[in-house]
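Descriptive analysis of the structure
Letter by letter, the chains look like this.
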Amino acid sequence: MSLRRSKFVPDHKPAVRAGVTLFCAKDSLRCHWARIVLAEKDVDGARTEWVTPGRPSEDLLVLNPSLSLPTLTDRDTVIHPERVIVEYLDERYPHPKLLPPDPAARALVRMTLLRIEQELFPLVEQILAGTGDTRAARKALSGHLTTSARLCPARGWFMGLEYSLADCAWAALLYRLPALGLK
């Protein structure tokens, strides 16, 4: 009896990568957030590999069979989803620090990120995809943005004087506002 391999799994392993590679889709909000954090860290030799949804590269298929994007590789380590990627980058490449040193402040940033990921990103993705009730999604997103404005100090960044992972997520989201038809 011979063993048959799936036609979806290539017979070879991807080449060992010497540095950091971020597999991304061009129009993905979550990939954009990971790219912003990677750019802030200014990692030597880091590269972005663009993946067309529905046509993944063979390397990505072997590294991450779920094909979720973004996916980060750092030597033999494969990391996904985006939240794990951005926190990994902050721990692995500590300068500049994007999470506060104080545990309470770190928890506040993580709670903010959770809200952005669970409430705001899905609304943006729904509007951009044109699925469901986009008018209601636009109204809900506008309401969230209006109520979030009170958290922004008159000076500094979203959560105070220090730039954080939350600011990177907000940057990715705010960059999309013109495409969403919001001011």
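To keep things clear, this report deals only with the structure shown in the data block. (Residues numbered from 1 in each chain as written. Predicted model: local features only at pLDDT ≥ 70, side-chain atom pairs only at ≥ 80, totals over all residues. Heavy atoms only, no water.)

1. Quick notes on the overall build of the chain
- Check the secondary structure of the chain and you find 7 helices and 4 strands.
- Along its sequence from the N terminus, the chain presents helices and strands in the succession β-α-β-α-β-β-α-α-α-α-α.
- Here the chain holds 183 residues, and 39% of them are scored as buried.
- Sequence-distant contacts, at least 24 apart, represent 66% of the contacts inside the chain between residues at least 6 apart. (Helix = DSSP H or I, 4+ residues; strand = E, 2+ residues; numbered from the N terminus. Buried < 20%, exposed > 50% of the residue type's maximum accessible area, 1.4 Å probe, protein only. Contact = heavy atoms within 4.5 Å.)

2. Details of the pairing of strand β2 (residues 47–50)
- As paired elements, strand β1 (residues 20–24) and β2 share 4 bridges and run parallel to each other. The partner of Cys24 across the bridge, within β2, is Trp50.
- Between the parallel elements β1 and β2, the chain passes through helix α1 (residues 29–41) in a crossover that is right-handed. (Pairing = 2+ DSSP bridges. Right-handed = clockwise from strand over helix to strand, strands pointing away.)

3. Some remarks on the state of the cysteines
- In total, this model carries 0 disulfides according to the counting rule given.
- Looking at the unpaired Cys24, the closest cysteine sulfur is the one in Cys31, lying at 4.1 Å.
- Exposure remark for Cys31: the relative accessible area of 0% places this residue in the buried category. (Disulfide = S-S within 2.5 Å.)

4. So, α1
- The end-to-end C-alpha separation of α1 is 19 Å, in line with the 18 Å expected for 13 residues at 1.5 Å each.
- Of all 13 residues making up α1, 10 are buried, and the element is well covered by its neighbours.
- The set of residues buried in α1 consists of Leu29, Arg30, Cys31, His32, Trp33, Ala34, Ile36, Val37, Leu38 and Lys41.
- Among the structural elements, β1, α3 (82–92), α4 (103–129) and α6 (165–175) are those in contact with the buried residues of α1.
- Among the residues of α1, the N-terminal cap falls to Ser28, whose side-chain oxygen and the backbone nitrogen of Arg30 are separated by 3.4 Å.
- One or two residues past the end of α1 sits Asp42, with phi positive at roughly 50 degrees. (Expected span 1.5 Å × (residues − 1). Polar contact = N/O pair within 3.5 Å; in protein donor to acceptor, adjacent residues only side chain to side chain.)

5. A closer look at the side chain of Glu82
- Inspection of the secondary structure assignment puts Glu82 in helix α3.
- Judged by its relative accessible area of 7%, Glu82 falls in the buried class.
- A distance of 2.9 Å separates the side chain of Glu82 from the side chain of Arg30, its partner in a polar contact.
- Glu82 has contacts with Arg30, Trp33, Pro70 and Glu117, leaving out every residue within four places of it along the chain.

6. Comments concerning the sheet that holds β2
- Strand order across the open sheet formed by 4 strands is β2-β1-β3-β4, with mixed pairing between neighbours. With one partner strand each, in any of the chains shown, β2 and β4 (77–79) form the two edges of the open sheet. Adjacent strand axes in the sheet meet at a mean angle of 20 degrees when their direction is disregarded.
- Both β1 and strand β3 (residues 71–74) contribute to a ladder of 4 bridges, which runs antiparallel. Counterpart to Val20 in the pairing with β3 is Asp74. (Axes fitted to C-alpha atoms, helices over the stretch in contact; angles between N-to-C directions.)

7. Considering helix α5 (residues 134–148)
- With 15 residues, α5 extends 21 Å from end C-alpha to end C-alpha; this agrees with the ideal 21 Å at 1.5 Å per step.
- All buried positions along α5 are accounted for by Ala137, Leu141, Leu145 and Ser148. For α5, the arc enclosing every buried residue in end-on projection is 70 degrees, short of the 170-degree limit, so these residues lie on one face. Exposed residues lying more than 90 degrees from the buried face of α5 are Arg135, Lys139 and Thr146.
- In this fold, the buried residues of α5 make contact with α4, α6 and α7 (177–180). (Arc of directions from axis to C-beta.)

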